[in-house]
Amino acid sequence: MNRGAAAFLVMLVSALPAAGPVVADFSDPAEVERWIGIHDRVMGGVSEAALAHAGDHAVFSGTVSTDFGGGFASVRRAPADMALGGHAGLSLRVRGDGKQYQLRLKPGDRLDGTTWRALFVPGPEWETLSLSFDRFEPVFRGRPVPGAGALDPSAVRQMGLMIAGGQEGPFRLEIRSVNPLSSTGP
């Protein structure tokens, strides 16, 4: 390769936007395997859901029922260091059915305890939603936790998706990725 072509290639590559770290890339089937379902069956409910790989994305789908005191379906990623310290929030590449979903973040490895959630309603077309960390509210079993303080992004080790709030019937959320937002924007 001559010097002119090499210089052009270096200039072209340096002009591309830097790829930031990815928290979850659902085009990779191995990512879907890191997630487990936790539904209202733990309290006697009958809701059903699964997260399945579908080519370049994953599909979180099922049926929510409020029968027998139930009313939620969720999937949670296995605990891992998400390296979110220094970031302003998360962006999700999603499309959905117009129902309200929750992105849930949790510090530590314990299954129970306070979780921070941000609500979002994805439309039928692919979109990128930005959820700043200051939008996440602390909850315990769906109820607000006064005095829990703000989410510490550097302590987050668990992430989940949930549908709740009496939204009975079938649901479908498609998700391509979850990426950290820089402190200066997406």
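Heads up: the structure comes first, above all this text.
Predicted model only: the values in this text are computed from it and were never measured. (Residues numbered from 1 in each chain as written. Predicted model: local features only at pLDDT ≥ 70, side-chain atom pairs only at ≥ 80, totals over all residues. Heavy atoms only, no water.)

Asker: Hey, could you run me through the pattern of salt bridges in this one?
Answerer: A side chain of one charge can pair with a side chain of the opposite charge if their charged atoms are brought near each other. Scanning the entire structure with this criterion turns up 9 salt bridges. The shortest N-O distance in the salt bridge between Asp109 and Arg157 comes to 2.6 Å. In this pair, Asp109 is assigned in the loop between β7 (101-107) and β8 (115-120) and Arg157 in strand β12 (residues 156-163), connecting sequence segments 48 residues apart. Taking the relative accessible area as the measure of exposure, Arg157 reaches 27% and is therefore partly exposed. Ionic contacts of the salt-bridge type, sharing partners, join the residues Glu31, Arg34 and Arg77 into one network. (Salt bridge = Lys/Arg side-chain N within 4 Å of Asp/Glu carboxyl O. Helix = DSSP H or I, 4+ residues; strand = E, 2+ residues; numbered from the N terminus. Buried < 20%, exposed > 50% of the residue type's maximum accessible area, 1.4 Å probe, protein only.)

Asker: For this particular structure, what's the right way to read unusual backbone geometry?
Answerer: Excluding glycine, residues mostly carry a negative phi; peptide bonds, for their part, are mostly trans. Located in the positive-phi region is Ala83, a residue other than glycine, with phi close to 50°. Structurally, Ala83 can be placed in the loop between β5 (73-77) and β6 (89-95).

Asker: Would you take a moment to explain the packing of aromatic side chains for this structure?
Answerer: Aromatic ring pairs are defined here through the distance separating the ring centres and the angle between the ring planes. Across all of its chains, the model carries 5 aromatic pairs by this definition. With a centroid separation of 5.6 Å and an interplanar angle of 50°, the aromatic rings of Phe26 and Trp35 are classed as tilted. Residue class for Trp35 comes out buried when judged on its relative accessible area of 8%. Feature note: the residues Phe60, Tyr101, Phe120 and Phe171 constitute an aromatic cluster, connected by ring pairs. The aromatic ring of Trp126 is capped on one face by Arg176, whose charged end is 3.9 Å from the ring centroid. (Phe/Tyr/Trp six-rings, centres within 6.5 Å; stacked < 30°, edge-to-face > 60°. Lys NZ or Arg CZ within 6 Å of the ring centre and 35° of its normal.)

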